[in-house]
Each structure stands twice: as structure tokens, then as C-alpha cells.
Amino acid sequence: MSDKCMDFNEFLPYIGEFGAYQKRLLLYMMPFAFMFALIYLAQIFILLVPHDHWCRIEELESFPKAKQIELGIPKDKHGVFDRCSMYDVDYKLASTETTPNESWPQINCRDGWMYDKGQVPYETISTQYHWVCQKDNLATFSIAASFVGSMLGCLTLGYVADHWGRIPALFIANACALVGGLLSAVCTNFYTFAAASVLQGWSYDTCFTAFYILLMETVGPQYRSLTANLSLATFYTIGACGLPWIAYACNNWRTFAVVTSVPIIILIIICLIIPESPRWLLSVGKVKRGFKIIRKVAKINGKTVPDDVMVAFQQCSEKAYLEEQSDKKYTLLDIFKSCRMCRILLILIVNWMIIALVYDAHVRVITNVGTDIFITFSLANLTELPGGLVPLVLLDRTGRKIMLFTVLMLCALGSLLAGLFSRKWDIAIAAIFGRLMVTIAYNVGEQWAAEILPTVVRGQGMSLVHVMGAAGAVCSPFVVYSDDYSASLPMKILAGLAVVGAVLVLFLPETTNVALPQTIEEAETRWAQKFWFQKKKL
């Protein structure tokens, strides 16, 4: 394209970089951020199981609960009542005993289970259908199913966003979340619930990030960090902190599933109102439709664009599209032809898989620390606010590498301390600190990956990174439920993974104050940096 031609960033000041139109979009994005928290986290409170549960013994139901447990439930070697076995005796005769005889034979629970309503006061799908003990892996596989859906969603909806538009991808993602959430409310077995989880997981990320991308493509460069983090740091935090109390108020898992799904209808209606990204429309050659929206943006922002500027930009947009069509089409396979970029991409993928796994596991494991589940979950999700704001303040000052290395090591420290402490609130505080650090790591890592990948394959590269992140997150429920073997094991695993992630960071190139590469060849040269240190600013 000619030097005299302007690109969209150069034209944007003529119609307004952050005027009334963009502020209106930002306002529309707030409910998407709020509902994203509900869509992503609601499954936790649908599958919740009280830590304290024991075999139900029909013959002893006339006794107080404490007496039932004392007489009918054996203790393990640590003196803790077993959650999955009972004494196999004639309780009509044994009921005259004051203490059980440890030599009595033991069997698995035969009459179902009793659950501590003081810990979880409502019935969940796990307690209704007894997904505990020999069936406790069903909850794990249900969570894993949602991340399988997320992988499929990243692949299919990423294609939709690039080829059909941001709005169709946003519409389809939220429609999947709505249908999946409502279907989960009527499930009566594991297989139907897993299928509903796949469908709802299909919407993960895209139900919000499609709007995120649309807004980023519409505001000026200096406003991108602010608008990107503002909705997540505020409304996502509000949604995440309020979610346990919505579950508490609903007092039934089916009601909760409906209540957290029906408001998605509002998001779908908003999808029918908001315009498509004009930047995307121009990039795919839909110039006429793109300029119709551009004129609307200018009008709402109170801007008057000179006719010669508008005509010149329209000609430049048409020319740019034609030139792009004649240029070489790059794919991810071209990255793997470059030894250096192949190595960097593989490190990015593994590092992001670790961050996604550790983040999701920290979100879920906080319900297992033994403190009040509802209070602790709300406190843990308050970390989303500083987790979004800290990078805004410090990222450009410290650099990507130093900051991500530091927060991952601090996450490892918090996780390790949570695994070593014995008092419940000490464990909770250490775990919340680890959650804060990995939240910062999540936000920094996503931005860093986008900066490292060259423009010609940035979209495809980020899609691959996100798909592999979802693959990593599939493993998170297995880490969380490893507490069946040892209560401290999940936190120790997370600490080890965070250290591995921190070490991998040292082999990635620093991008602070460095011009972003356009081509793979340019990236090959630009990222020729030594271990840890930045070679030079370009």
C-alpha cells in the first residue's frame, strides 16, 4: 500500500478514539463480563459436596446424628470418621452398645449418605445422585467435559469470529451457554450432565472475548489496556463474588442453574443491537458495510470527517484488501519452519497450559480448604480486581519477563505454604495469595503471547495457545480431587507447576518497548535474545 494511504489506526482520530460510541460499547460489555463469571464458575456450586458426609444407616436414623456417626461409622488411622464405609452388623442389636467394636466387619455404604447441611445447605447434583466415594470421579469428569467443550469452542468459534464476524461468534457462544445451562437444570444422570457441560463449555472465553476483541478494534491504542481490564476487574469480580450467594439464595441446584442461565437472554438481545467491528469488516473486504458503521460512529461521537479524508480512506481500504488477497497466506506451519520461532511457540504453549491449569485449579480448590465455602470463595474472587489492575500499573515498568517470573514464583510460595499449613484459615489465606499471583500471571501471559507472535499468524497462534490452555485446564479437576489421597497434595502439585512455569518464562523474549513483528522473518530476527536479558530495544 502507498505511503500516502492511512490505516485504520491513523483514521480513527477522525471519528473519535474513545467517544460516546466507544463508551456505549464499554457499557454494553459490562453485563457480558458479569455473566462470564456466572457461566464459567456456576458449575462449581452445582457439583459442590460437603466435606463432611457419611454413610446413611436406616436402622440408626432415630438416633441423633452424632450418635449415628459414633456407632455406625469406623475411623481411619488418623481418628477421622470414614466417609465411604460403615460397620456391617445387625444394628438392632448393636444399638444397645455405647461404643462400636473396632473388630466389627466393614462394608461400603449401602443406604446412601448423610451430608452436613451446615457446610452446604442446599442439595446439589452431587448430593442428590450421590457422586461421592466410588462415584466421586463423576464430578471430576463433568468439569473435564466442560473444558473439552472449551477446546472445541476455541477452534470453531475462533473460525466464526475471523470469517463470519465478531457478533455472530458472540451470539453463538452465548446461545450455547444458555442452552447448556438450561439443559443442565433438567439432567438426571452423569451422561446428560456431561453433555450439557460440553455445550456450556463450548462458550467459554468466546462468550466474552469476542466482545473484548470488538471493543479493542474500535478504540484508540492508548485506551486498549484501560477498556480491556476495566470490565473484567469490576463486573467479572462482582459476578464471581456474588455467585456463591446466588447459589445460597436459590437453595437448590436446579433453580440455581436456571437463575444463572436465563439472564443470558439479555446478552443475546444485545448481540442483535450492537454493530459489527468496522475494522474487521474492512479487513475482509466488506467496505460498504464498514463505512456505514464508520459514519454512525462519527455521528454519535460528534465528529465531522472531511469528504476528501473519507474518500481517500475508503480507496485505501479497498486497495489494502486487494493487496492482501494477492499476498502470501501464512499459516502456523510456517512458524514451525523457523527453528527459533518453533521453540518460542512451544514454550508459549507449555507455559500457557501450566498457567491455565494452575489458575483454574486455584479457582476450584478454595472450596476444599475446610473454611466456610461461601465466604472463602467470595474472598478469593476479590483477587480478580487487583489481578487486573496491577498489570496496568507495573507491566510496562518492570517488563513482561521479570513480572511473570516473579508472580509465578510467588504463586508457588503461596501454594506451598497452603500445602504445609494445618490451620484452616492459614491455608485459606495462603491459597488466596497464590490465587492473586496466578491471576496476575494469567493477565500478563495472555498479553505477552499476543506481542511475541508475528502479525501474519497472531490470530491463528493465539487460537492454538488458547486451545492448548483449555487442554491443560482439563487436568485441573484431577489435581483438585487429588485431595482424596492427601489433603495437601493439590497445593503442592500447583506449587511445583508454578515453578516449572516460572523457569520456562526465562527462555521467552522480552517485548517491553519493542516494536511488534509483522512477519515470521522479522520475528526470527527480533527475538534473537539471550537467556533472561533483552538484547536491545527495536
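What counts and how
Residues numbered from 1 in each chain as written. Predicted model: local features only at pLDDT ≥ 70, side-chain atom pairs only at ≥ 80, totals over all residues. Heavy atoms only, no water. Helix = DSSP H or I, 4+ residues; strand = E, 2+ residues; numbered from the N terminus. Rg over C-alpha atoms; globule rule 2.2 N^0.38 Å. Buried < 20%, exposed > 50% of the residue type's maximum accessible area, 1.4 Å probe, protein only. Contact = heavy atoms within 4.5 Å. Areas by Shrake-Rupley, 256 points an atom, 1.4 Å probe, with all protein chains shown as cover. Disulfide = S-S within 2.5 Å. Axes fitted to C-alpha atoms, helices over the stretch in contact; angles between N-to-C directions. Parallel < 35°, antiparallel > 145°, perpendicular 65-115°, else oblique. Nonpolar A, V, L, I, M, F, W, Y, C, P; charged D, E, K, R; others polar. Polar contact = N/O pair within 3.5 Å; in protein donor to acceptor, adjacent residues only side chain to side chain. pLDDT = per-residue confidence, 0-100. Core = buried A, V, L, I, M, F, W, Y, C linked by side-chain atoms within 4.5 Å. Phe/Tyr/Trp six-rings, centres within 6.5 Å; stacked < 30°, edge-to-face > 60°. Patch = residues over 30% accessible without salt bridge, like charges linked within 9 Å, V, L, I, M, F, W, Y side chains within 5 Å. Salt bridge = Lys/Arg side-chain N within 4 Å of Asp/Glu carboxyl O. Lys, Arg positive; Asp, Glu negative; His and termini not counted.

### What about the overall build of the protein?
Okay, so step 1: A tally of regular secondary structure across the protein gives 25 helices and four strands.
Okay, so step 2: The globule rule puts the C-alpha radius of gyration for 538 residues at 24 Å, and the 26 Å found for the protein is close to it.
Okay, so step 3: Across its three principal axes, the protein shows a C-alpha extent of roughly 100 × 50 × 35 Å.
Okay, so step 4: Counting over 538 residues, the protein shows a buried share of 53%.
Okay, so step 5: When contacts within the protein are restricted to residue pairs at least 6 apart in sequence, long-range pairs at least 24 apart make up 77% of them.
Okay, so step 6: Of the roughly 23,600 Å² of accessible surface on the protein, a fraction of 63% belongs to carbon and sulfur atoms.

### Digging into the state of the cysteines
Okay, so step 1: Enumeration according to the criterion identifies two disulfides in this entry.
Okay, so step 2: With a sulfur-sulfur separation of 1.7 Å, C55 is cross-linked through a disulfide to C109. Residues C55 and C109 are joined through a disulfide that is left-handed, its torsion about the S-S bond being -70°. One end of the pair, C55, is in strand β1 (residues 53–55); the other, C109, is in the loop between β3 (106–108) and β4 (113–115), with 54 residues separating them in the sequence.

### Digging into the packing of helix α1 (residues 8–15) against helix α14 (residues 287–300)
How two helices sit against one another is set out by the angle between their axes and by the gap between those axes.
Okay, so step 1: At a closest axis distance of 9 Å, the pairing of α1 and α14 adopts a crossing angle of 40°. As summarised for this structure, α1 and α14 are arranged oblique, according to the angle between their axes. Residue-level contacts link F8, F11 and I15 of α1 to I294, V297 and A298 of α14.
Okay, so step 2: The class makeup of the residues in the contact of α1 with α14 is six nonpolar, no polar and no charged.

### Here we look at helix α18 (residues 373–381)
Okay, so step 1: Burial within α18 is extensive, with seven of its nine residues counted as buried.
Okay, so step 2: Within α18, burial applies to I373, F374, T376, F377, S378, A380 and N381.
Okay, so step 3: In this structure D372 caps α18, since a side-chain oxygen of it lies 3.1 Å from the backbone nitrogen of F374.

### Observations regarding the environment of F507
Okay, so step 1: Tracing the sequence through the fold places F507 in the loop between α24 (489–505) and α25 (520–526).
Okay, so step 2: Along the sequence, F507 and R343 sit 164 residues apart, while their C-alpha atoms lie 9.4 Å from each other.

### What about the confidence of the model for the protein?
Okay, so step 1: In this model, the protein carries an average pLDDT of 87, and 94% of its residues clear a pLDDT of 70 or more.
Okay, so step 2: Looking at the elements of the protein, mean pLDDT is at its lowest for helix α4 (residues 91–94), recorded as 66, and at its highest for helix α11 (residues 253–259), recorded as 97.

### Some details on the nonpolar core
Okay, so step 1: Within the largest apolar cluster, 151 residues are counted, with the highest numbers of intra-cluster contacts made by F11, L41, F45, I294 and L404.
Okay, so step 2: With 18 residues, helix α2 (residues 20–46) is the largest single contributor of residues to this core.
Okay, so step 3: With near-sequence residues (within four places) excluded, L404 lies in contact with N351, I355, A441, V444, G445, W448 and V505.
Okay, so step 4: Membership of the second largest hydrophobic core comes to 18 residues, among which are W54, V89, C109 and Y115.

### Points about the packing of aromatic side chains
Okay, so step 1: In this structure the tally under the stated criterion is 25 aromatic pairs.
Okay, so step 2: Ring centres of F45 and F377 lie 4.9 Å apart, and the angle between their planes is 85°; this geometry places the pair in the edge-to-face category. Taken as a pair, F45 in helix α2 and F377 in helix α18 lie far apart in primary sequence, 332 residues in all.
Okay, so step 3: Look at F377 and you get buried, because its relative accessible area is 0%.

### Section: a nonpolar patch on the surface
Okay, so step 1: Together, F171, L182, V258, V262, I265, I269, L272 and I273 make up a nonpolar patch on the protein surface, roughly 670 Å² of accessible area in all.
Okay, so step 2: Within the residue set of the nonpolar patch, elements represented by two or more residues are α7 (166–184) and α12 (264–271).
Okay, so step 3: Position of I265 relative to the elements: it lies in helix α12.

### Comments concerning the side chain of E276
Okay, so step 1: By the element assignment, E276 lies in the loop between α12 and α13 (278–283).
Okay, so step 2: No salt bridge is formed by the buried E276. Its closest oppositely charged neighbour is R289, at 4.8 Å.
Okay, so step 3: Here R166 takes part through its backbone nitrogen, which lies 3.1 Å from a polar atom of the side chain of E276.
Okay, so step 4: Polar contacts involving the side chain of E276 include one to the main-chain amide nitrogen of I167, which spans 3.2 Å.

### Regarding the pattern of salt bridges
Okay, so step 1: For the coordinates displayed, the defined rule picks out 12 salt bridges.
Okay, so step 2: Of the charged contacts in the structure, one is a salt bridge between R56 and E58, with a shortest N-O distance of 3.7 Å.
Okay, so step 3: The class of R56 is partly exposed, set by a relative accessible area of 26%.
Okay, so step 4: Classification of E58 by relative accessible area gives partly exposed; the value is 47%.
Okay, so step 5: Taken together, the salt bridges that share partners define one network made up of E59, D88, R110 and D111.

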